[in-house]
Amino acid sequence: MRPVLSAFPPVGSPSRSPSRSLEHLRLSLADGAATTVHVASYPLATTALRVHRLPALARLEAWCAERAVADALVGGFYVRSTGGSPGLPLTGSPLGELWLDGEVQPFVPFTPPWGGRRACVSVIAGEVRIARREEFPDSPAGDLLQAGPLLVRDGRPESPHEEGFAAGADQFDSDITAGRHPRAALGCDGERLIAIACEGRADDEAGLTIDELAATMAGLGAREALNLDGGGSTSLIYDGRLRNTPREAHDVTVAGGRAIATAFVFSSR
């Protein structure tokens, strides 16, 4: 049963703005809980999207300030900790496939068979696509970042269970699809890129389940969308400022957001 969300923006706001825009929405959820969602919208015709690998791990707001980047969104997952065990991936290594300018970057693959199924964002010659990995070439020509699960396909919410995040939870702190948390997502409606970050882990901020996140993206008009790194890593930068409040645990704020491995950058073209 799809969640009931009662506070979508009116038609045309912010969706049909001819320029980039930011809106803060208060969503009322089916069980009476509520959460705030920050929605940044970018016209495809005038926006260039790029994937960036941050040096080591870096807080997104500080990284953007150092490089005069105005708008960015957290990217994919990364290895949180290996306890210093020899032979294991280094802490901070991207988890999931990563390509920049047609060159594969060092990454830790998802546990088989999920690597071939989990969703990606591809940017080739300015064209942005969101789909499962199996729908892209083995060696993509531009940027590709893998995260997931796929939230929306052809305008309809997708089931998160097909990508095995519960079965492959050993690569994460827990099953990332379980429960309500702060979350981030990227979607596209054919005319706009839609970047969102939702609050959570506070008495007045419930967060979203993965199904509620999918319904939110579909309600905002996304034809395709995928889930990105969330929890304390949830970070949306607009006009150089962190617009959400990252929390590590209930009411435990992460000043400046958790350091992350990858990000999407939005710029004018």
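What this report covers is the structure whose coordinates are included nearby. Since the model is a prediction, treat every value here as computed from it, not as a measurement.

Points about the side chain of arginine 243
Consideration 1: Its place among the elements puts arginine 243 in the loop between β18 (241-242) and β19 (247-249).
Consideration 2: With no salt bridge to any partner, buried arginine 243 finds its closest opposite charge in aspartate 239, at an N-O distance of 4.4 Å.

Regarding empty space enclosed by the protein
Consideration 1: Tallied over the entire structure, the rule returns 2 cavities of 30 Å³ or more.
Consideration 2: Lining the largest cavity are Gly76, Phe77, Pro94, Leu95, Gly96, Glu97, Leu98, Leu145, Gln146 and Thr262.
Consideration 3: Among the elements of the structure, β6 (94-95) and β11 (143-146) are those that each provide at least two residues to the lining of the largest cavity.
Consideration 4: Among the residues forming the lining of the largest cavity, the class breakdown is 5 nonpolar, 4 polar and 1 charged.
Consideration 5: Each pocket or cavity is described by its volume, and for the second largest cavity that value is around 30 Å³.
Consideration 6: If you trace the second largest cavity, you find it lined by Leu44, Thr47, Ala48, Leu49, Val123, Gly126, Val128, Leu193 and Arg269.

Points about the packing of aromatic side chains
Consideration 1: Summed over all chains, the structure comprises 8 aromatic pairs.
Consideration 2: A centroid spacing of 6.4 Å and a plane angle of 75 degrees characterise the contact between phenylalanine 110 and phenylalanine 165, whose relative ring orientation is edge-to-face. Residue phenylalanine 110 is located in the loop between β8 (103-104) and β9 (119-124), and its partner phenylalanine 165 is located in the loop between β13 (156-157) and β14 (183-188); the two are separated by 55 residues in the primary sequence. Summarising the burial analysis for this pair, phenylalanine 110 and phenylalanine 165 share the class buried.
Consideration 3: Chaining the aromatic ring pairs together yields one cluster made of Phe77, Phe110, Phe165 and Phe172.
Consideration 4: Of note, arginine 118 hangs over the ring of phenylalanine 110, and the distance from its end group to the ring centre comes to 4.5 Å.
Consideration 5: The ring centre of phenylalanine 165 lies 3.9 Å from the NZ or CZ of arginine 118, which sits over that ring.

What about the sheet that holds strand β21 (residues 260-268)?
In any sheet, the strands associate via hydrogen bonds between backbone groups, in a parallel or an antiparallel arrangement.
Consideration 1: The strand order across the open sheet formed by 5 strands is β3-β21-β4-β17-β18, and the pairing between neighbours is antiparallel. A single partner strand is all that each edge strand has here, and the edge strands are β3 (47-58) and β18.
Consideration 2: The pairing of strand β17 (residues 236-238) with β18 spans 2 bridges and is antiparallel. In the strand pairing of β18, isoleucine 237 is matched with leucine 242.

Thresholds applied
- Residues numbered from 1 in each chain as written.
- Predicted model: local features only at pLDDT ≥ 70, side-chain atom pairs only at ≥ 80, totals over all residues.
- Heavy atoms only, no water.
- Helix = DSSP H or I, 4+ residues; strand = E, 2+ residues; numbered from the N terminus.
- Buried < 20%, exposed > 50% of the residue type's maximum accessible area, 1.4 Å probe, protein only.
- Lys, Arg positive; Asp, Glu negative; His and termini not counted.
- Salt bridge = Lys/Arg side-chain N within 4 Å of Asp/Glu carboxyl O.
- 1 Å grid on protein atoms, 1.4 Å probe; cavity = no way out; pocket = protein on both sides within 12 Å on 5 of 7 lines; lining within 4 Å.
- Points joined across faces, edges and corners; volume = space filled by probe spheres on them.
- Nonpolar A, V, L, I, M, F, W, Y, C, P; charged D, E, K, R; others polar.
- Phe/Tyr/Trp six-rings, centres within 6.5 Å; stacked < 30°, edge-to-face > 60°.
- Lys NZ or Arg CZ within 6 Å of the ring centre and 35° of its normal.
- Pairing = 2+ DSSP bridges.

By themselves these figures say nothing about function.
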